[in-house]
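These are the residues of each chain, in order.
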Amino acid sequence: MGFSVHWSWLTAVSCLLCLGGEVRCDCMEEKMEIEGGHYTLTKQLTTDSMLVYHCPEGYYPFPSLTRLCQRNGSWRPAPKRFSPQRCRVVECPDPNVLLYGNVSPPQEKYFVDNETAYECYSGYTMRGSSKRVCLPNGKWSGFTPICSRDTGNDCADPGIPAGASRTGNIFGIDDKVKYTCNSNLFLVGSSERVCQENGQWTGKEPACYYRHTYDTSLEVSEAFGSAIKDSLTTLEPIDDTQEGRKIRISKNGTLNIYIAVDISESIEEEHVNKARDAITKLISKISSFTVSPNYEIIFFSSEIVEVVNILDFLDKKITLSAITAKLDEFKIDDRNTGTDLNLVFSRFLERMAIIKRQVGEGFKEHRHVIITFTDGAYNMGGSPAPTVAKIKNMVYMNHTGEQETHSRETYLDIYIFAIGAEIFDDDLQPLVAGTGGQHYFRMKNITNLQETFDDIIDADEVMGLCGLHKEYDTTEKDIKRKRYPWWAFITVQNEGLPNNCIGSLVTPQFILTAAHCFKFGDLPEHVKVEIDDGQGRVKKVKIFKIHPQYNNKAKVDDGVKEFYDYDVALIQLEEDVQISSAVRPICIPGAQGTSDALKLVGKSTCKEQEQILLKNHLERLTFLTKKGTTVDEKDAHAKLGDNRDECIKHALQAPGITTTNPKVAVTDNFLCTGGLTPFRDHIACNGDSGGAVFKNYEHRTIQVALVSWGTTDLCKSGGGVVESVETSRDFHINLFRVVPFLKSILGNETQDDYAPLEFLEECIDE
């Protein structure tokens, strides 16, 4: 671009002279442009800077993905005169590998958005997708189509992925099939699979990738997800033959997670930062589960930058909050040009050896998960493969027998997240380890990996865990539904105007709300519960049960026209709601699930739960208010201990109260919020009644109370987020005081109508 051949020649000579004096020369931008795209530089035009080409979605850089600035001022690889850099349309592997069927339309090559249809010959049955589309990531949509008879075979026909060839067409026990990829494709997955006695094939279904092929965040969530979910929700040993169970931990076992992030020059800083954010999300979400792993977290190039030492975990010298702080503080300063991937695995091997010495025989119950983010472009330390072999040998306990080794394979998982503009797949793929599903992920863009890791944890398979919810901000239209997945709208329509309330899902079949939402004469058919679980928004009500001690007129003679003590009710739905990331139960006092969420080990009590959740004399809490078809959040502070009397005295200003003793109207079963001191609280509106008053504890939500009544109606427009005035107060039923009622219904083990909720033995109604 404006430089003559003569000038370029002089520049090269000058650089050669400079090199003799240990002076490096900058590269030139001449002929570096790419048609249809753009490029970025990691270190401007200085030595060791990487030029990375970028193309729009559905295109990839050709013929080079990157170029590296050399010491002599030249680029490697050098631009080709007769093959200018341009953005090519993404191509998908050839689908014309179907046996016993036809693929249409027949084409020499298939590009993004091309559609294909599959049809089996007469007498053969179709499995997989009958129609597929070439996607922007270089993969076909759907599942591998297979035409087979599957008669007399011990295993089903495993099929042939697009772009592949297979040897082996007999599918009996111990029979093998082998796969290779055609032309310039490479294989990801199992190149050889064996038919087992249980009718399943070993390994993972292979796929053929181009160099421009990558795994989407959704694919990573589905494939990697079950590994983490199972490790956090499965506390008992499970059958080793189960597919998808990739990381396991026994009830008395220990889970060690080792994480390494490549920060060498070949990895763009944006990728490093996104990987760091994803790790933060992963460990923070893991902290909300029962299992508490030990962590080793490092960043590396030619040297290691330690963030967390796993030995400090074993010695209880570090907390999870400290990890998050260290990750947040981490910044890339000067990066070394070298990359020593073997150093990473040597570090992890050394840590395992120390742990083994410390715990002795107990090491056999330790399970190890290694997660590495890298492009595999190591130029120092040699291949990490021998070190990985030593790690396997240590975890597998030096077993030489095939059956013994297989029994120990579930104790080690090595995952590779291949990131960067140019990935060295041949070096990285042999490093993965573990049984079950995919362990190698080719990530072109890790921008959404934080959300992906959140999806991994916050998915349908963990429906037995209460209080899980989304926390990050997204553009999803149903993010409120996922942030507060327990909310339900309740309408009671009998005679007169309808009564609107809010409830909280506490089990798949029960909604918790306020007793005063119902009047004498109301029947289940008068009650409408709205909670959109994808199976229909409105749910039919089977029965509702009010606390037996609730009596709205009990204190009329004592100067309280309407008395709301024990203002709690449970609505039983005719059918279970469909649990998902958008609809799931909230944790409630007295339940074992709440103790698990609070990390209470062993035999716990309601008192211990309450001491954690309501430990301060001023406790910040949250409740919801209806806003159209969704909700908004309100904040308030419960005045406890020495602050309580000052708060509840304002109950005497409420309409219908003539007593001079506020404790007549406000018993010890209520929490008091509202006012301006020391913070301006939000105040409840009529439609907020029965809604959860909750608190988030380490990524799990626990309901401590429900909205009951207030002194002042400030919601003239009918609802919304309204601020308190100096004398306005709200009173919420403290659920710790009504645990026996909740347990009598939700924990009832004498019926077969619904699965009972497990409650703690030591919970007393005070």
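Details of the structure are given in the entry above.
Structure report, in brief. (Residues numbered from 1 in each chain as written. Predicted model: local features only at pLDDT ≥ 70, side-chain atom pairs only at ≥ 80, totals over all residues. Heavy atoms only, no water.)

## So, the overall build of the chain
Put simply, the test is: By the criteria applied, helices consist of DSSP H or I runs no shorter than four residues and strands consist of E runs no shorter than two, each listed in order from the N terminus. The rule is simple: take the accessible area with a 1.4 Å probe, protein chains only, and divide by the maximum for that residue type; under 20% is buried, over 50% is exposed, in between is partly exposed. Contact definition: two residues touch when any of their heavy atoms are within 4.5 Å. Under the convention used here, a 1.4 Å probe and the Shrake-Rupley method define accessible areas, while residue burial counts only the protein chains that appear.
Scanning the chain for helices and strands turns up 16 helices and 39 strands. The buried share of the chain, taken over its 766 residues, is 53%. Across the chain, the fraction of contacts at a sequence separation of at least 24, relative to all contacts at a separation of at least 6, is 63%. Roughly 34800 Å² of accessible area belongs to the chain as shown, and the carbon and sulfur atoms make up 49% of that amount.

## Overview of the sheet that holds strand 27 (residues 510–513)
Applicable threshold: Following DSSP output, two strands are said to pair if at least two bridges run between them. Between N-to-C directions, angles span 0 to 180 degrees; the directions come from axes that are lines fitted to C-alpha atoms, helices contributing only their stretch in contact.
Read from one edge of the open sheet, seven strands run 29-28-25-26-27-31-30, paired in antiparallel fashion. Among the strands making up the open sheet, the edge pair consists of strand 29 (538–539) and strand 30 (541–546). As defined by bridge partners, strand 25 (residues 487–492) adjoins strand 26 (residues 499–507) across six bridges and the pair is classed as antiparallel. Within the sheet, the bridge partner assigned to Trp487 lies in strand 26 and is Ser504. Packing against the sheet, helix 16 (residues 739–746) makes contact with strand 26, strand 27, strand 30 and strand 31 (569–573), and its axis sits at approximately 15° to strand 31.

## A look at the pattern of salt bridges
The line we're drawing: For salt bridges, the criterion is a side-chain nitrogen of Lys or Arg within 4 Å of an Asp or Glu carboxyl oxygen.
Applying the stated criterion to the full structure yields 29 salt bridges. Its salt-bridge partner being Arg276, residue Asp277 comes within 3.3 Å of it at the nearest N-O pair. Classification of Asp277 as partly exposed rests on a relative accessible area of 25%. By relative accessible area, which is 14% here, Arg276 ends up buried. Note that Asp688 and Lys634 form a salt bridge whose closest N and O atoms lie 2.7 Å from each other. Placement of the pair is Asp688 in the loop between strand 35 (682–683) and strand 36 (692–697) and Lys634 in strand 33 (residues 630–639), with a sequence separation of 54 residues. In this structure, Asp688 and Lys634 share a single accessibility class: buried.

## Section: the nonpolar core
Inside soluble globular proteins, nonpolar side chains tend to come together where they are buried. To be explicit about the condition: Side-chain atoms within 4.5 Å link the members of a nonpolar core, which is a set of buried Ala, Val, Leu, Ile, Met, Phe, Trp, Tyr and Cys residues.
One finds Val527, Val529, Leu570, Ile571, Trp709 and Leu742 to be the most contacted residues of the largest nonpolar core, which totals 90 residues. If one sorts the elements of this core by residue count, strand 37 (residues 700–710) sits on top with six residues. Not counting residues up to four positions away in its chain, the partners in contact with Val527 are Ile490, Thr491, Val492, Phe518, Val541, Phe544 and Ile571. Ranked by size, the runner-up nonpolar core spans 34 residues in total, among them Phe300, Leu311, Ala418 and Ala433.

## Digging into the side chain of Thr622
Under the convention used in this document: Polar contacts, as counted here, are pairs of nitrogen or oxygen atoms within 3.5 Å of one another; within protein the pair requires one atom able to donate a hydrogen and one able to accept it, and residues that are adjacent in sequence qualify only if both atoms are side-chain atoms.
Looking at the secondary structure, you find Thr622 in strand 32 (residues 618–627). Here Thr622 falls in the buried class, since its relative accessible area comes to 12%. A polar side-chain atom of Thr622 sits 3.4 Å from a polar atom in the side chain of Asp635.

## Focus: the side chain of His439
Examined against the element boundaries, His439 turns out to sit in the loop between helix 9 (425–428) and strand 24 (440–442). The class for His439 is buried, based on a relative accessible area of 5%. Side chain to side chain, His439 and Asp413 meet in a polar contact 2.8 Å long. Polar side-chain contacts of His439 include one of 3.2 Å to the backbone oxygen of Ala433.

## Some thoughts on the pairing of strand 15 (residues 176–181)
Alternating positions in strand 15 separate cleanly, Val177, Tyr179 and Cys181 being buried on one face and Lys176, Lys178 and Thr180 remaining unburied on the opposite face. Across four bridges, strand 14 (residues 164–167) lies against strand 15 in antiparallel orientation. Bridge pairing in strand 15 links Thr167 to Lys178. The sheet contact formed by strand 15 and strand 17 (residues 192–194) spans three bridges and is antiparallel. Bridge assignment links Lys178 to a residue of strand 17, and that residue is Glu192.

## A short note on the environment of Asp730
Turning to its location among the elements, Asp730 is positioned in strand 39 (residues 729–734). Along the primary structure Asp730 and Ala638 are separated by 92 residues, whereas in three dimensions their C-alpha atoms are 9.5 Å apart. Those residues in contact with Asp730 that sit more than four places away from it in its chain are Phe623, Leu671, Cys672, Thr673, His682, Ile683, Ala684, Trp709 and Gly710.

## Concerning the sheet that holds strand 1 (residues 38–41)
Across the sheet, which stays open at both edges, the four strands sit in the order 1-2-4-5 with antiparallel pairing between neighbours. Each end of this open sheet is capped by a strand with a single partner; those strands are strand 1 and strand 5 (75–76). Relative to strand 2 (residues 50–54), strand 1 runs antiparallel, the two being bridged by four bridges. Pairing of Thr40 across the sheet is with Val52, part of strand 2.

## Digging into the state of the cysteines
Covalent bonding between the sulfur atoms of two cysteines is what defines a disulfide. Basically, it comes down to this: In what follows, a disulfide is any cysteine sulfur pair within 2.5 Å.
Summed over all chains, the structure comprises ten disulfides. The disulfide bridge from Cys27 ends at Cys69, spanning 2.0 Å between sulfur atoms. The disulfide joining Cys27 to Cys69 has a torsion of about 105° about its S-S bond and is therefore right-handed. Here the residue Cys27 occupies a position in the loop between helix 1 (5–20) and strand 1, and Cys69 occupies one in strand 4 (residues 66–69), the gap between them amounting to 42 residues. Given the relative accessible area of 1%, Cys69 is considered buried. The side chain of Cys155 participates in a disulfide bridge whose partner is Cys195; the two sulfur atoms lie 2.1 Å from each other. The sign of the S-S torsion, about 95°, decides the handedness of the disulfide formed by Cys155 and Cys195: right-handed. Here the residue Cys155 occupies a position in the loop between strand 13 (146–148) and strand 14, and Cys195 occupies one in the loop between strand 17 and strand 18 (207–209), the gap between them amounting to 40 residues.

## Re the pairing of strand 39
Burial within strand 39 is extensive, with six of its six residues counted as buried. Examined bridge by bridge, strand 34 (residues 670–674) and strand 39 share five bridges and lie antiparallel to one another. Bridging from a neighbouring strand, Thr673 pairs with Asp730 of strand 39. Bridge count for strand 37 against strand 39 is five bridges, and the pairing is antiparallel. Bridging across to strand 39, Trp709 finds its partner in Phe731.

## So, the packing of aromatic side chains
Put simply, the rule is: Each aromatic pair joins two rings of Phe, Tyr and Trp (for Trp, the six-membered one) with centres within 6.5 Å, and gets the label stacked for planes under 30 degrees apart, edge-to-face for over 60, and tilted for any other angle. Geometrically, a lysine NZ or arginine CZ counts as sitting over a ring once it is within 6 Å of the ring centre and also within 35 degrees of the ring normal.
Taken as a whole and assessed by the stated rule, the structure comprises 18 aromatic pairs. Their ring planes at 50° and their centres at 6.3 Å tell us that Tyr484 and Phe694 sit as a pair that is tilted. In this pair, Tyr484 is assigned in the loop between helix 11 (479–483) and strand 25 and Phe694 in strand 36, connecting sequence segments 210 residues apart. On the basis of relative accessibility, which here comes to 5%, the residue Tyr484 falls in the buried class. Taking the centre distance of 4.2 Å and the plane angle of 10° together, the rings of Phe518 and Phe544 count as stacked. Of this pair, Phe518 sits in the loop between strand 27 and strand 28 (527–530) while Phe544 is found in strand 30, placing the two residues 26 residues apart along the sequence. Following the ring pairs from residue to residue traces out a cluster consisting of Tyr564, Phe670, Trp709 and Phe731. The ring of Tyr411 has Arg367 sitting right over it, with the charged end atom 3.6 Å from the ring centre. Directly above the ring of Phe489 sits Lys626, whose terminal nitrogen or CZ lies 4.5 Å from the centroid.

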